[in-house]
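Here is how the chains run, residue by residue.
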Amino acid sequence: MSTAPKLTRFKQNVLAKYQVYNGIFMTLPFDTISKTVALLPLFHETCKNGFNVGDDPTTIVETFFKKYQARRNKQSQINLLFRFIQYIERQVVLFDAIEDASFSVVHNMDGIGSLRSLKEKVESENKKELLKEYLEAFRVRIVLTAHPTQFYPGTVLGIITDLAEAIKTDNLTEINSLLAQLGKTPFFKEKKPTPYDEAVNLIWYLKNVFYNSFGSIYDYVHQNIFDDEDINNSIINIGFWPGGDRDGNPFVTPEITKNVAKKLKESIIKNYIKDVKYLRRRLTFRGIRERIIDLNHQLHNTLLDINKEEQVSLEAFRKELLTIRQLLVDNHQSLYVDKVTTLINRTTLFGYHFASLDIRQDSRVHDQMFTALVKELIANGNTLFPKNYFEMSLDNQLKHLSAVKGSIEGVNFKDDMAINIVETIKAMKSIQELNGEVACNRYIISNNQTTLNVLQLFAMLKIVAFHEQLTADVVPLFETVTDLEASPKVMEELYTNPKYRKHLEQRGNKQTIMLGFSDGTKDGGYLMANWAIFKAKEALTELSRQYGIDVIFFDGRGGPPARGGGKTHRFYASLGPTIEDKEIQLTIQGQTISSNFGTLDSSQYNMEQLITSGIQNRLSDYNRAMSEEDKAVMDDLAQLSYEAYVNFKKHPKFLPYLEHMSTLKYYAKTNIGSRPSKRGKSSKLVFEDLRAIPFVGSWSQLKQNVPGFFGVGTALKYYEDKGQFEKVKALYNNSSFFKTLVENSMMSLSKSFFDLTKYMADDQEYGDFWKLIFKEYEISKRLLLKLAGFNELMENEPVGKASIDVRESIVLPLLTIQQYALKKIQELEKAEVRNEEDIAVYEKIVTRSLFGNINASRNSA
């Protein structure tokens, strides 16, 4: 029986089911829902028709009330708008659940990019031994961050999971009950979560999704590629930032870091206990049952941290499982050996740490901490640093930092900054002792600009806790275009520093370098940020190979293309031989966790895509290196787009437009993350203090998505005007990297809807600025279509486009309400007498509308 095309499968299993179950949702016997659902389709139609004829959001809302609800008073109208918002939020959840339930039907789990497909391909080419060799050295590390782009509270995530399971089996009774539960469950949080709360929320994915899906991937590789032989590599690693990332988040304390590490250990041991209990029911054989009962008892003691002599270390746990497996082979015809092997494989993947907790802090904060620390040491008569340290030349400071030996023991620090860094480093050391070295062995320096930034931390790690046995990696994070360009110089100074080089030798001659897509795009625009990172990787690869260092690139990616997201695996598949690719490391955050890794099917599918994209790069005989001609064109395009974007940023209306015409200032009111929405303490909006998430997210809420395309059209038009567009077409056809950039930019354009804000064109203050953005949008869209040879955006991804279209349709009324409320606020603020009560109501509407819009986009920030 033939398989229907992917788009047909999507229409049958997602669109059709959504219409059916949304119909059930509309018939739920709640007074507020019944009235809302009768009116929402009418409001949706009013919005659609209104935008088609050029009406603005205010006219559309007023037309709706005049035509269908003329008797409602002002308060009643406001109440209805709030109910529309609440209902649409739940429609988005329903669509999410249906997409999740249909994932394995719509996507071919064994198709191109899967491990099975890769295995069959290498076997046909007689490259299986080569594949095994690569898999013993290759790793993918996804790092979960707490960055606030996820608006679903844990209760709603639970409903989505249960709803998806019920939809898979068309269990109408259960679906009906869950939809009723959904109708009564609040979506917003009354107060901000703590960093510990954020960690607990993400640990849910570790326990309920990754433990099983990543374990299944490892089992497949072990059984089908290595033929049940041991693999000397975990292949998959999980990193974890909640509770460890203190960059711009004053609420992350050393105590919280230790508590999160404790929670991670408790969570993985609980999962092991569940598996051991299963084995206890199956392995009822003499000589084995007793061993399983003892293991279960020891794991409980380890979990509760009681009876130290009756606890079990990770090594002892693994050793006992290996013994049990051998007994099954020798004495019991290998009965249930596969189940024991699965648990052994889980211990390889997750140890007692579950996920590796990264520590991160800004270099500028480190400098303040370091200064406070050294000043107190000198004041206390400690001789680790000479009294004239701060008067020394930079070269002498660097030499001293790399060679400093000794301890800070005995010094009672008074300065809060000094206390913080001391306790943080001590926390790293204690976590390693309790959960294993891998549990917390990286310290990331964000906004890293100089060699001094690295060596200050290097010195503090040693003198505070690690001394000459530094079992932690110092990871510089280069973010801005300027810092990316300077990164090879910084790394060469480190590689040629004898003491730092000795440290790298102790760490296996490996150096991890993090590169930030989010701030890079905010700083230099879409094309320049991506190209600057590509060139930095090339330069750092060449430099590292020259010094015999295996460089590992850790990409700080967000959800949307503007923050390094989009079709991420295609980026890794497009890298040529000039960029080191023995490991893929990237951040996964907010909505991207739930949308790409939120279910067993989607997490397995997307992780396999990442693994195979990196492996295929190495197995392929095709040389993906860019030609010099193509590099010249790419350089030119990046520079042209950079100039256009920088000029755009310099426009006097750039920041005022974001501040007064977007939802920027409302992000802080959503209570979705513990971290403040901007870095600085100034009440005035300063671009440098603006975080990438609210910056990109605010453009997304406007449906303008500027960071994902601005400058692209201008750069392409330059080549069109010169009659050299064929050069760009050649680059597009030759370079998978550039093609991926183009396709991701198309995604940003697809999620744009300028009819929503067309009314701004007539605004006395911001009209010309809106027209400037819209002109760049039109140029970018026209020329990207011309470049790809498409008639419409995302023509080569019909399912992705169809999903976006449905989601955009669902939230059209929500977007209209949001713009209506923003316009009302602007009018009320300009009034001679401010009506604070009305302003507060409309501000609440704007804030509440953020939830559904963000969730519907799935990768908007």
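In what follows, the structure referred to is the one given above.
So, how was this worked out
- Residues numbered from 1 in each chain as written.
- Predicted model: local features only at pLDDT ≥ 70, side-chain atom pairs only at ≥ 80, totals over all residues.
- Heavy atoms only, no water.
- Pairing = 2+ DSSP bridges.
- Helix = DSSP H or I, 4+ residues; strand = E, 2+ residues; numbered from the N terminus.
- Axes fitted to C-alpha atoms, helices over the stretch in contact; angles between N-to-C directions.
- Contact = heavy atoms within 4.5 Å.
- Parallel < 35°, antiparallel > 145°, perpendicular 65-115°, else oblique.
- Left-handed = near helix turned anticlockwise from the far one by under 90°.
- Core = buried A, V, L, I, M, F, W, Y, C linked by side-chain atoms within 4.5 Å.
- Buried < 20%, exposed > 50% of the residue type's maximum accessible area, 1.4 Å probe, protein only.
- Phe/Tyr/Trp six-rings, centres within 6.5 Å; stacked < 30°, edge-to-face > 60°.
- Lys NZ or Arg CZ within 6 Å of the ring centre and 35° of its normal.

Notes on the sheet that holds strand β3 (residues 356-362)
Okay, so step 1: Spatially, β1-β2-β3-β4-β5-β6-β7-β8 is the arrangement adopted by the eight strands of the closed barrel, whose pairing is parallel. Pairs of neighbouring strands in the sheet enclose a mean axial angle of 25°, with direction left out of account.
Okay, so step 2: Summarising the sheet, strand β1 (residues 139-145) and strand β8 (residues 583-589) pair through seven bridges and their orientation is parallel. Across the sheet, the residue bridging to Arg139 is Glu583, located in β8.
Okay, so step 3: Of the strands in this sheet, β5 (473-478), β6 (510-516) and β7 (550-556) touch helix α19 (residues 481-495), which is tilted by about 155° from β5.
Okay, so step 4: Relative to the sheet, helix α22 (residues 526-546) contacts β6 and β7, its axis offset from that of β7 by approximately 160°.

Considering the packing of α22 against helix α31 (residues 736-750)
Okay, so step 1: The geometry of α22 relative to α31 is characterised by a closest axis approach of 11 Å and an angle of 150° between their N-to-C directions. The angle between α22 and α31 falls in the class roughly antiparallel. Handedness of the crossing formed by α22 with α31: right-handed. Touching Tyr526, Leu527, Asn530, Trp531 and Phe534 of α22 are Phe737, Thr740, Leu741, Asn744 and Ser745, all from α31.

Focus on the nonpolar core
Okay, so step 1: Ranked by internal contacts, the top residues of the largest apolar core, which has 264 residues, are Ile142, Phe240, Ile611 and Trp699.
Okay, so step 2: Excluding residues within four positions of it along the chain, Ile611 makes contact with Leu115, Leu135, Phe138, Val140, Ile217, Ile235 and Ile236.
Okay, so step 3: Among the nonpolar cores identified, the runner-up in size contains seven residues, and Ile444, Val475, Leu477 and Met514 belong to it.

Observations regarding the packing of aromatic side chains
Okay, so step 1: Within this structure, the stated rule accounts for 44 aromatic pairs.
Okay, so step 2: Relative to Phe769, the ring of Phe648 has its centre 5.2 Å away and its plane inclined at 5°; by these criteria the two rings are stacked. Taken together, the positions of Phe648 in helix α26 (residues 628-650) and Phe769 in helix α32 (residues 767-788) put the pair 121 residues apart, joining distant regions of the chain. Across the pair, exposure class does not vary: Phe648 and Phe769 are buried alike.
Okay, so step 3: A connected cluster of aromatic rings, assembled from ring pairs, spans Phe648, Phe654, Tyr657, Phe695, Trp699, Phe710, Tyr766 and Phe769.
Okay, so step 4: Lying over the aromatic face of Tyr766, Lys653 brings its terminal NZ or CZ to 5.7 Å of the ring centre.
Okay, so step 5: Looking at Lys786, its charged tip hangs above the ring of Phe725, at a distance of 4.6 Å from the centre.

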